[in-house]
Structure formats: C-alpha cells, structure tokens
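Each chain, written out:
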Amino acid sequence: MGTTTDKRTDDATNDDAAATVVKTTAVEGDGAPETTTDGTEETGKAKGEAGKAPAGGESSDTAPATTTDADADAASDTDAESDADADADAEDATPEEPAAAAGAGAVVAAGLGLASVTGTWLSTLLAERQTLLGQIKLQSGKATDQIAAVYGAPWHTTALVNGVFAVLAMLVAAVVLTGRRPAWVRAVAWGGLVLGLLGLVISAGMYLDLFASMPSLPKGAGAGA
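## Concerning the environment of Thr-124
No. 1: Mapped onto the secondary structure, Thr-124 falls in helix 4 (residues 121-140).
No. 2: Here Thr-124 falls in the partly exposed class, since its relative accessible area comes to 44%.
No. 3: On a C-alpha basis, the gap between Thr-124 and Val-161 in space is 9.3 Å, while along the polypeptide they are 37 residues apart.

Here it is as structure tokens:
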C-alpha cells in the first residue's frame, strides 16, 4: 500500500509541473517568464525582440539604398542645371556675333554711299592721271579735241569711280537688310542704301553729261588762233 500511494503522489506532482509549463507558455507574449525543461527562464519580451531582429536588419539595409538614390537624383539635377546654364550662355553669346557683323556691314554701306556722293581720293587721282594722258596725246598729235582730252576724260573717270562706290554701298546695305537685325543696324543700313542710290544717280548724270553739256569751242575760234 505504501508503494502505491507514493507512486500516485509522484504522478500528481508531474501533472502539476506540466500544467505550470503549459500555462507559462500561453502567457509568454505578455512578458511572463517561460520555464523550460532545463530549469532556465526566458521572458517573452526577449523573444519578441529576437523575433523583430530580422525586420530591423532589413530597414538598416534599405536606408543606404534610399540615400544612394537621393544622391543620384541630386547629381542628375545638378547636371541638368549645368546643361541649362551652358545652353543659356550659348544662346546669349550666339546672337552677339551676327549683330556685330551686321552693324559693321551697315557702317561700311553708309561710308561707301557717302563716298559715292562726295567723291574719293581714288577718283581724284584717276582724274588727274587722265588729264595728264590727255595732255600727252595733244602734244604728240594723237588727240585733236583738246577739251575732250583734258576735261571730258577726267570728268567721266570721276563719275565712273563714284558710280562703282555707289553700287558697292547698295549691295552691302541690301545684304545687311536681308535678315532680322537690331533697329540701329537697319537704320544705318537704310542710310547707306539711300546714299548709294543717290551717288549712283549723280554718277550717271555726270557720265552722260545730263547735268551740264561738254564745253565746246566756238566756230572759227580755231582758225583765228
């Protein structure tokens, strides 16, 4: 009888211990200690932190990637701004060169037009040369008309040279006025065109003796001399 009673007492004790373990496992999520078979205790909070460790590891791995993407975006924005500034500088610098060339052309056209009206040192030099040639022809007997040789030829030479300057002025002014130009360039070019046209009209009148006829000797003056 004593042996049977002791055996039943041991079974009851084992059953109570097993119930304690099951109860402790059920409430371990609330931070209660868990009793293991080897007598050690592990809290539910520690296990929860251990379970959350992989999630924390993933967030730590993702953070550098996000930072790298932000740096790449910032670098691309910087490159885009640099390209935009370069394009803006190129656009600002491009129109200046054609405008300067057009302005120079307009000034040249105006100068040529003024020269065609007032005359140039070239026309004066060629006129004097033609006068000398006329005198040489008269002395050598190759020219019989003294007025035409000494006066008419130099006059026509001056008109011809001035006409060439007038045509050049009109051509340069026409080239300048073909494109979109600043207002002052167009004004100067129009002035050169008008002066060239006026010089051409004057030169044509001089060459064709429209403004004044060629002087002539009275009849019988040569015989009396």
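We are not done yet, so read on.
## Thoughts on the side chain of Ser-123
No. 1: In this fold, Ser-123 is placed in helix 4.
No. 2: A polar contact is formed between the side chain of Ser-123 and the backbone oxygen of Thr-120, at a distance of 2.7 Å.
No. 3: With near-sequence residues (within four places) excluded, Ser-123 lies in contact with Thr-158, Val-161 and Asn-162.

## Thoughts on the nonpolar core
No. 1: Membership of the largest hydrophobic core is limited to six residues, which are Ala-102, Ala-106, Val-176, Leu-177, Val-185 and Ala-189.
No. 2: Breaking this core down by element, the ones donating at least two residues are helix 3 (96-118) and helix 6 (183-207).
No. 3: Excluding residues within four positions of it along the chain, Ala-189 makes contact with Ala-106, Ala-173, Val-176 and Leu-177.
No. 4: Residues Leu-112, Ala-115, Val-161 and Ala-169 belong to the second largest nonpolar core, which totals five residues.

Basis of the calculations
- Residues numbered from 1 in each chain as written.
- Predicted model: local features only at pLDDT ≥ 70, side-chain atom pairs only at ≥ 80, totals over all residues.
- Heavy atoms only, no water.
- Helix = DSSP H or I, 4+ residues; strand = E, 2+ residues; numbered from the N terminus.
- Buried < 20%, exposed > 50% of the residue type's maximum accessible area, 1.4 Å probe, protein only.
- Polar contact = N/O pair within 3.5 Å; in protein donor to acceptor, adjacent residues only side chain to side chain.
- Contact = heavy atoms within 4.5 Å.
- Core = buried A, V, L, I, M, F, W, Y, C linked by side-chain atoms within 4.5 Å.

Everything listed is a geometric property; what it means functionally is a separate question.
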